[in-house]
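Architecture at a glance
Take a look at the letters that make up each chain.
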Amino acid sequence: MKQFILIAFMAIVGSCGTAKKTMQLNPPTSLKLIDVYTIPHDFRFKETTVGGLSGIDYDAGSNSFYTISDDRSERQPARYYRINIAYSEKRIDTVIFQEAINLLQPNGKTYPAVKENPSLTPDPESIRYNPKTKELVWTSEGERLINAKDSIIQDPAIYFIHPSGKHIRTFDLPSGLQMQKTENGPRRNGVLEGASFSPDYKKLYVSLEEPRYEDGPQAAAVANDAWVRIYSFNTGNGKNEAQYAYKLDPVAYAPNPAGSFMVNGIPDILSAGDNKLLVMERSFSTGRLACTIKIFLVDLNEAQDIKEITSLIQQPVLKPLQKKLLLNLDELGIYTDNVEGMSFGPTLPNGKRTLWMIADNNFSPLEKTQLFLFEVNE
């Protein structure tokens, strides 16, 4: 029976002993599921509620994982966690929460909840670690809530922080990523969901979850022109150097009842070597509790830079990103919840890399905080 341990250990047992071995990053050819671990609902750690885990990344130097909560300072201040995981080539044995770290504003204070100051309340989604600078980067989706009384408009953001949570800098976002009251720019809850450093950490790739209003419709139950942008930033000067067009698959299942909520978008991306990315698509439809999670391998090498194209509806892309399906988790015969994050991790005893995925339970008792472990074949 799997155990869930609160105590912080000095070291972690199991196959993680191979964690610091460096390997050439080659694009995966396939993924093999090893195990799925469920973190208990409303699990408490350091006076925080563990849930809403929307991103995950691995730090080989400390043999730890970082995972960010999308709690908008509603339950406790916006935060991320440092965790250790003991596992073998057959199972995930133990998840050990080590630290809960508050995300801090430039003024050094924690972020307020919506009821306190909605213009400053973040919506954390992705987290990545840069071992060269020993900095973390996290993204916020911002807010676009339009009503007759008090509309809330807050731009998405890319923040660099010290592991202590202290703010370091913020990227200036390119035009077209600013929230607006009109149907222009990003859609609500469809903005900066995924992020990944290039292998040399000179670039930061950031993905939208859904199309901007100018670029196409949201994904539907049938194929359409749902174009999502992936952005490439120079990590040194923070400049957006390129943008690429990625076409979403249709929503996997029609909603029930017909006409009710459905969505498909990109919750995360991951640099896979050779100028390629893993792109995760997550589809959900009313009437079906499970989500459909697909992992694609995407090639940036021949794709068109669309940075100067303001609307993909008015000016269609000529060379979009080409994608190849690596895995549809529906085919594994397991329950998959709202998976939103993925990261490569330490190696297995057989020398193969691991891939980890984490699910956001939305703090709902009907959903699960799942941790997936895969073996990577190259």
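Scroll up for the structure.
Below is a short write-up of the structure. Bear in mind that the values here come from a model prediction, so they are computed numbers and not experimental data. (Residues numbered from 1 in each chain as written. Predicted model: local features only at pLDDT ≥ 70, side-chain atom pairs only at ≥ 80, totals over all residues. Heavy atoms only, no water.)

**Section: the overall build of the protein**
When helices and strands are counted, the protein shows 0 helices and 25 strands. Taking 378 residues into account, the globule formula puts the C-alpha radius of gyration at 21 Å, and the protein, at 20 Å, falls close to it. Counting only residues that meet the buried cut, the protein has 59% of its 378 residues in that class. By element, 51% of the accessible surface of the protein is carried by carbon and sulfur atoms, the whole surface being about 15900 Å². Charge separation in the protein, taken as the distance between the mean sites of 41 positive and 45 negative side-chain charges, equals 3 Å. (Helix = DSSP H or I, 4+ residues; strand = E, 2+ residues; numbered from the N terminus. Rg over C-alpha atoms; globule rule 2.2 N^0.38 Å. Buried < 20%, exposed > 50% of the residue type's maximum accessible area, 1.4 Å probe, protein only. Areas by Shrake-Rupley, 256 points an atom, 1.4 Å probe, with all protein chains shown as cover. Lys, Arg positive; Asp, Glu negative; His and termini not counted. Charge placed at Lys NZ, Arg CZ, Asp CG, Glu CD.)

**Topic: the sheet that holds strand S2 (residues 30-39)**
Strand order in this open sheet of 4 strands is S2-S25-S24-S23, and the pairing throughout is antiparallel. At either end of the open sheet lies a strand with only one pairing partner, and these are S2 and strand S23 (339-347). In this sheet, adjacent strand axes meet at a mean angle of 25° when their direction is disregarded. Where S2 lies against strand S25 (residues 369-377), 9 bridges are found, and the strand directions are antiparallel. Across the sheet, residue Val36 finds its bridge partner in S25, namely Phe372. (Pairing = 2+ DSSP bridges. Axes fitted to C-alpha atoms, helices over the stretch in contact; angles between N-to-C directions.)

**A word on the environment of Lys324**
Structurally, Lys324 can be placed in strand S22 (residues 322-328). The exposure class assigned to Lys324 is exposed, which follows from its relative accessible area of 54%. In this view, Lys324 contacts Ile295, Phe296 and Leu297; residues no more than four positions away in its chain are not counted. (Contact = heavy atoms within 4.5 Å.)

**Some details on the sheet that holds strand S18 (residues 240-247)**
The 4 strands lie next to each other as S15-S16-S17-S18, forming an open sheet whose pairing is antiparallel. Sheet topology places strand S15 (192-197) and S18 at the edges, where each strand pairs with a single neighbour. Averaged over all pairs of adjacent strands, the angle between strand axes in this sheet comes to 20°, irrespective of strand direction. Examined bridge by bridge, strand S17 (residues 227-234) and S18 share 7 bridges and lie antiparallel to one another. The residue of S18 that forms the bridge with Ile230 is Tyr244.

**A closer look at the environment of Cys291**
Note on placement: Cys291 falls in strand S21 (residues 288-299). Judged by relative accessible area, Cys291 falls into the buried class, the value being 3%. For the pair Cys291 and Asp337, spaced 46 residues apart in sequence, the C-alpha separation works out to 5.3 Å. Not counting chain neighbours up to four residues away, the residues in contact with Cys291 comprise Arg282, Ser283, Phe284, Asp330, Thr336, Asp337 and Asn338.

**Details of the nonpolar core**
Formed by 35 residues in total, the largest nonpolar core has its most connected members in Ile158, Leu192, Leu204, Phe233, Tyr246, Val279 and Leu321. Elements with a minimum of two residues in this core: strand S13 (157-161), S15, strand S16 (203-208), S17, S18, strand S19 (262-273), strand S20 (276-285) and S21. Setting aside anything within four residues of it in sequence, one finds Tyr246 in contact with Ala226, Trp227, Val228, Ile230, Ile266, Val279, Glu281, Phe296, Val298, Leu321 and Lys323. Grouped together as the second largest cluster of nonpolar side chains are 22 residues, Ile92, Trp356, Leu371 and Leu373 included. (Core = buried A, V, L, I, M, F, W, Y, C linked by side-chain atoms within 4.5 Å.)

**Thoughts on the packing of aromatic side chains**
Counting across every chain of the model gives 18 aromatic pairs. Centroid distance Tyr66 to Tyr80: 5.9 Å. Interplanar angle 70°. Geometry classified as edge-to-face. Highlighted residues: Tyr66 in strand S6 (residues 64-69) and Tyr80 in strand S7 (residues 79-87), separated in sequence by 14 residues. Among the residues examined, Tyr66 registers a relative accessible area of 5% and is labelled buried. The rings of Phe43, Phe45, Tyr81 and Phe97 are connected pair by pair, giving a single aromatic cluster. Taking the ring centre of Phe160 as reference, the NZ or CZ of Arg169 above it sits at 4.2 Å. (Phe/Tyr/Trp six-rings, centres within 6.5 Å; stacked < 30°, edge-to-face > 60°. Lys NZ or Arg CZ within 6 Å of the ring centre and 35° of its normal.)

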